[in-house]
Amino acid sequence: MSVIKIGGNVLDNPAQLDQFLTDFAAIKGPKVLVHGGGKIASELSKQLGIEPNMVNGRRITDADTLRVVTMVYGGLLNKNLVAQLQARGCNSLGLTGADANVIPAHKRSLKDIDYGFVGDVESPDQVNVPFLASLAEQGLTPIFAALTHDGQGNMLNTNADTIASTLAVALSRQFEVNLIYCFEKKGVLLDVEDENSVIHHLQPDNYAQLKEQGAIFAGMLPKLDNAFAALQAGVKAVIIGHAAEIQTIAAGEKVGTKITL
Ligand SMILES: Nc1ncnc2c1ncn2[C@@H]1O[C@H](COP(=O)(O)OP(=O)(O)O)[C@@H](O)[C@H]1O
Ligand SMILES: CC(=O)N[C@@H](CCC(=O)OP(=O)(O)O)C(=O)O
């Protein structure tokens, strides 16, 4: 089973997204797609007069922002992705973590920063794996938006990388799972400005070093933390690579960055 996460910059680029969806639809076997959309949510938010506020790569989600992200992730993006996959013969089903109670979460507790309606997922043990397995049996491909719920009637905004790793860990109890993070670069780069500097293989010790040198920063840090955590929790392989190379990555060929323990 492949759990594939697609990043916000690709979602916002119609040509890249078109190609990615064609390639994704062609991948054989059970698969799950997880999408973000932070960039599009920020644009719409500004148009509505709500200034986006990101802290440590996470969106401060007040009640108005929650309405925006619920509409953008759970509505606009999720439903259009499903329609475009249907057009490619991939029978898909758009979901949030609230649907079928697939991803129970709780509001992030107040520490130094009040993130508002941001969800931290409960343990992968609480993911509704039997439901996902039944979808796979029916040949249905779930498409997850970056939303969970708190079991008390509230939707919660949840980082899409975290949703992908949580689903991958939960599914790895029953399937052999590859977790693939696709974005607009060819992998984790030694020099973020140089597409030819792909690090083909990343382990915790060289990660720590590159982090200290400042070569790996911003959104790549939580992505890699999620990647190592997923491997520790039983996911078979984690690869970070370009959305345009998804078919090659899914076929197990050596492109992008392979993360290992
Ligand atoms: N060493 C690195 N290699 C590649 N990208 C990096 C690196 N360090 C930081 N980044 C940044 O991480 C970003 C990807 O993280 P993020 O924006 O969270 O991804 P996504 O598009 O999947 O949501 C890249 O766009 C890039 O700006
Ligand atoms: C809590 C939090 O920060 N949630 C993210 C969810 C979307 C996301 O992860 O989108 P990308 O993958 O495109 O960055 C946000 O609202 O930006």
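This is a predicted model, so every value here is computed, not measured.

Caption draft 1: Looking closely at helix α3 (residues 38-47). When α3 is considered as a whole, its buried residues turn out to be I40, A41, S42 and S45. The positive-phi residue at the C-terminal boundary of α3 is G49, with phi of around 80°.

Caption draft 2: Looking closely at the site of ligand 2. As a structural note, the neighbourhood of ligand 2 is formed by 15 residues, with K5, R59, Y73, N157 and A160 the closest of them. One of the backbone N or O atoms of A160 is found 3.0 Å from an oxygen atom in ligand 2. Contact with the protein chains hides 89% of the accessible area of ligand 2, taken as 420 Å² for the molecule alone.

Caption draft 3: Up close: the packing of helix α2 (residues 14-26) against helix α4 (residues 63-86). Across the interface, α2 lies against α4 with an axial gap of 10 Å and an inter-helix angle of 60°. In terms of their interaxial angle, α2 and α4 are classed as oblique. Both α2 and α4 take part in a crossing whose hand is right-handed. Residue-level inspection shows L17, D18, L21, F24 and A25 of α2 in contact with α4, the latter providing L81, Q84 and L85. Considering only residue class, the contact of α2 with α4 consists of six nonpolar, one polar and one charged.

Caption draft 4: Structural view of the sheet that holds strand β12 (residues 201-202). Overall, mixed pairing links the eight strands, which are arranged β5-β8-β2-β1-β11-β13-β14-β12 in an open sheet. Since the sheet does not close on itself, it has two edges, and those belong to β5 (92-95) and β12, each with one partner. The sheet contact formed by strand β1 (residues 2-6) and strand β11 (residues 178-183) spans five bridges and is parallel. Pairing of S2 across the sheet is with N178, part of β11. Contacts from helix α5 (residues 129-137) reach β5 and β8 (141-144), with the element oriented near 155° to β5.

Caption draft 5: Molecular detail of the site of ligand 1. Surrounding ligand 1, one finds 16 residues, the nearest of these being E184, L189, A215, F217 and K223. F217 is positioned such that a nitrogen or oxygen atom in its backbone is 3.3 Å from a nitrogen atom of ligand 1. In the environment of ligand 1, an oxygen atom lies 2.7 Å from a nitrogen or oxygen atom belonging to the side chain of K223. Relative to its unbound accessible area of 560 Å², ligand 1 is 82% covered by the protein chains. Looking at the shell around ligand 1 residue by residue, the classes come out as eight nonpolar, four polar and four charged.

Cut-offs applied
- Residues numbered from 1 in each chain as written.
- Chains lettered and ligands numbered in written order.
- Predicted model: local features only at pLDDT ≥ 70, side-chain atom pairs only at ≥ 80, totals over all residues.
- Heavy atoms only, no water.
- Buried < 20%, exposed > 50% of the residue type's maximum accessible area, 1.4 Å probe, protein only.
- Helix = DSSP H or I, 4+ residues; strand = E, 2+ residues; numbered from the N terminus.
- Near = heavy atom within 4 Å.
- Polar contact = N/O pair within 3.5 Å; in protein donor to acceptor, adjacent residues only side chain to side chain.
- Areas by Shrake-Rupley, 256 points an atom, 1.4 Å probe, with all protein chains shown as cover.
- Axes fitted to C-alpha atoms, helices over the stretch in contact; angles between N-to-C directions.
- Parallel < 35°, antiparallel > 145°, perpendicular 65-115°, else oblique.
- Left-handed = near helix turned anticlockwise from the far one by under 90°.
- Contact = heavy atoms within 4.5 Å.
- Nonpolar A, V, L, I, M, F, W, Y, C, P; charged D, E, K, R; others polar.
- Pairing = 2+ DSSP bridges.

Just geometry here; none of it tells us what the structure is for.
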